[in-house]
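Structure assessment
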Amino acid sequence: MPGSKSSKPSKAVFACNSIRGRRPVLQNCTIAELEVDPRYQRSLEAKSSQALIRAIARDWDWNQCDPLAVGRREVDGRERFFVVDGQHRLAAARLRRDIYDLPCVVSACDDLAEEVASFVGRNRRRRPLSKLDLLRAGIAGQDEKSVALMQMLAAAGLQLAPHTNFNSWKPGVIANVSGIERARREHGDIVTSQALRVLAVSFEGQVLRYAGTIFPGIAAALAAPPEGADDELLIMLLSAEEQSVWARDIGSCAASAGIHLRRAAEIVISKAFEEAAAEMLEEAA
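Naming follows an unreviewed UniProt entry, where the protein appears as DUF6551 family protein of Alteraurantiacibacter palmitatis.

**A word on the pairing of strand E3 (residues 68-75)**
In terms of burial, E3 is a largely internal element, six of the eight residues being buried. The pairing of E3 with strand E5 (residues 101-108) spans five bridges and is parallel. Across the sheet, Leu 68 pairs through a bridge with Cys 104, a residue of E5. The antiparallel pairing of E3 with strand E4 (residues 78-85) creates a hairpin that spans two residues between the two strands, and Asp 76 there sits at a positive phi of about 55°.

**Here we look at the sheet that holds E3**
Spatially, the five strands line up as an open sheet ordered E1-E5-E3-E4-E2, and their pairing is mixed. Each edge of the open sheet is held by one strand with a lone partner, namely strand E1 (25-30) and strand E2 (34-35). For E2 and E4, the ladder comprises two bridges, and the chain directions are parallel. Pairing of Glu 35 across the sheet is with Phe 82, part of E4.

**Side note on the pattern of salt bridges**
Using the criterion set out here, one finds 15 salt bridges in the structure. The partner of Asp 37 in a salt bridge is Arg 39, and the shortest N-O contact between them spans 2.8 Å. Classification of Asp 37 as buried rests on a relative accessible area of 4%. In this structure, a network of salt bridges that share partners links the residues Asp 37, Arg 39, Arg 73 and Glu 115.

**Brief notes about unusual backbone geometry**
Of note in the backbone geometry, Asp 76 takes a positive phi value of approximately 55° without being a glycine. Note on placement: Asp 76 falls in the loop between E3 and E4.

**Concerning the layout of surface pockets**
Regions of empty space are outlined by a rolling probe, equal in size to a water molecule, passed over the atoms. Taken as a whole, the second largest pocket encloses approximately 530 Å³ of empty space. Along its surface, the second largest pocket is lined by 19 residues, and Arg 20, Gly 21, Glu 114, Ser 118 and Arg 122 are the ones closest to its centre. For the lining of the second largest pocket, the secondary structure elements donating two or more residues are E3, E5 and helix H3 (112-126). At six residues, H3 tops the list of elements feeding residues into the lining of the second largest pocket. Split by residue class, the lining of the second largest pocket holds eight nonpolar, six polar and five charged.

Parameters and conventions
- Residues numbered from 1 in each chain as written.
- Predicted model: local features only at pLDDT ≥ 70, side-chain atom pairs only at ≥ 80, totals over all residues.
- Heavy atoms only, no water.
- Buried < 20%, exposed > 50% of the residue type's maximum accessible area, 1.4 Å probe, protein only.
- Helix = DSSP H or I, 4+ residues; strand = E, 2+ residues; numbered from the N terminus.
- Pairing = 2+ DSSP bridges.
- Salt bridge = Lys/Arg side-chain N within 4 Å of Asp/Glu carboxyl O.
- 1 Å grid on protein atoms, 1.4 Å probe; cavity = no way out; pocket = protein on both sides within 12 Å on 5 of 7 lines; lining within 4 Å.
- Points joined across faces, edges and corners; volume = space filled by probe spheres on them.
- Nonpolar A, V, L, I, M, F, W, Y, C, P; charged D, E, K, R; others polar.

Written as structure tokens, this is what we have:
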């Protein structure tokens, strides 16, 4: 009818946040000028990564080579280009030796923290980052909690594993980030630091393959130690058996009781600690 309002439904307004960052530029970067910052990037030492790199290099196809995401930042007064996403493609190109540059989407980064934030954001959308990946990224970005955890490891004589493939670990490296974070929440930093030291000294010179299984038990035992017991007694107790033996006993406890390995570790190691303390007091009487 004349003069009547239209009955067409109005379009809903989509609420958007303000745009962040600066518009990137498209450019080809030479292989030589592209770098990878190991402080936050995943290690490529794992067999799966090496297999992927060789496959890309062997069957290189420009139609499948998306531009690399690159952060441009100034380091010591010099402009440098760090690969945020695409290090497998970069490694494959270097392996071939007949590719000299790669297409890149280059974003200006004010500092390392901004570059790390881009790395985490991209990988969160693609697949979940592991606790190990997030910790390494947090350290690179100077996250307070991540730095504190690394300081605990260093004080105990331990190092963060570059990846989760224990077959290529060196002695004294661990990857059980979730267990350490849980210990900090449940028992505090002092007990967690003690537990890390006990783990390191008990199995000194060994590849800590079963650290993730054993560590929760060590932390729980130190959080509520039996009368007359101390760190040194727990070290003597743990070092008397191979890691694999402790892991086997913990696994058996978990299976028979139908409980989580973490709880089984707490039971097995705390019980052994109490028995050792009781024997020590009996001998001293």
